Amino acid sequence: MHAADYRTPDAFAGQRVVVVGGGNSAIQIAAEPGAVANTTLATRRPIGWMAQRPLGIDLHWWLKHTGLDIAPR
């Protein structure tokens, strides 16, 4: 199933699930069925984790105020 087709973890309850990918969508999707199914996250490289609240301020605040969340035009 492609990430675009995923809706809820309900259909995976009690099953073994493999989520392939290391991007935001894969990680967020893997977390949901992890509560109801035996879930594995498969990636080519280790996940590059980043703190959600550097210096006590949410990462999205930093991205917005530094301009790093804006795609080039």
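What counts as what
- Residues numbered from 1 in each chain as written.
- Predicted model: local features only at pLDDT ≥ 70, side-chain atom pairs only at ≥ 80, totals over all residues.
- Heavy atoms only, no water.
- Helix = DSSP H or I, 4+ residues; strand = E, 2+ residues; numbered from the N terminus.
- Rg over C-alpha atoms; globule rule 2.2 N^0.38 Å.
- Buried < 20%, exposed > 50% of the residue type's maximum accessible area, 1.4 Å probe, protein only.
- Contact = heavy atoms within 4.5 Å.
- Phe/Tyr/Trp six-rings, centres within 6.5 Å; stacked < 30°, edge-to-face > 60°.
- Core = buried A, V, L, I, M, F, W, Y, C linked by side-chain atoms within 4.5 Å.

Asks: Any chance you could explain the overall build of the protein here in plain terms?
Replies: Per the secondary structure count, the protein includes two helices and two strands. Secondary structure of the protein in N-to-C order comes out as β-α-β-α. The globule rule puts the C-alpha radius of gyration for 73 residues at 11 Å, and the 15 Å found for the protein is more than 25% above it. The dimensions of the protein, computed from C-alpha atoms along their principal axes, are 45 × 30 × 25 Å. Here the protein holds 73 residues, and 14% of them are scored as buried. Relative to all contacts within the protein whose residues are 6 or more apart in sequence, the contacts with residues 24 or more apart total 19%.

Asks: Just to check I follow, could you spell out the packing of aromatic side chains for this structure?
Replies: For any two aromatic rings, the description comes down to two numbers: the centre-to-centre distance and the angle of the planes. One pass over the full model with this rule turns up two aromatic pairs. Ring plane angle 90 degrees and centroid distance 4.9 Å describe the contact between Trp-61 and Trp-62, whose orientation is recorded as edge-to-face. By relative accessible area, which is 39% here, Trp-61 ends up partly exposed. Exposure remark for Trp-62: the relative accessible area of 27% places this residue in the partly exposed category.

Asks: What am I meant to see in the nonpolar core here?
Replies: Note on soluble globular proteins: their nonpolar side chains tend to be buried together. Within the largest apolar cluster, seven residues are counted, these being Tyr-6, Val-17, Val-19, Ala-26, Ile-29, Ala-30 and Ala-37. Among the elements of the structure, β1 (16-20) and α1 (24-31) are those that each provide at least two residues to this core. For this core, the leading source of residues is α1, giving three residues. Setting aside anything within four residues of it in sequence, one finds Ala-26 in contact with Val-19, Val-20, Gly-21 and Leu-41.

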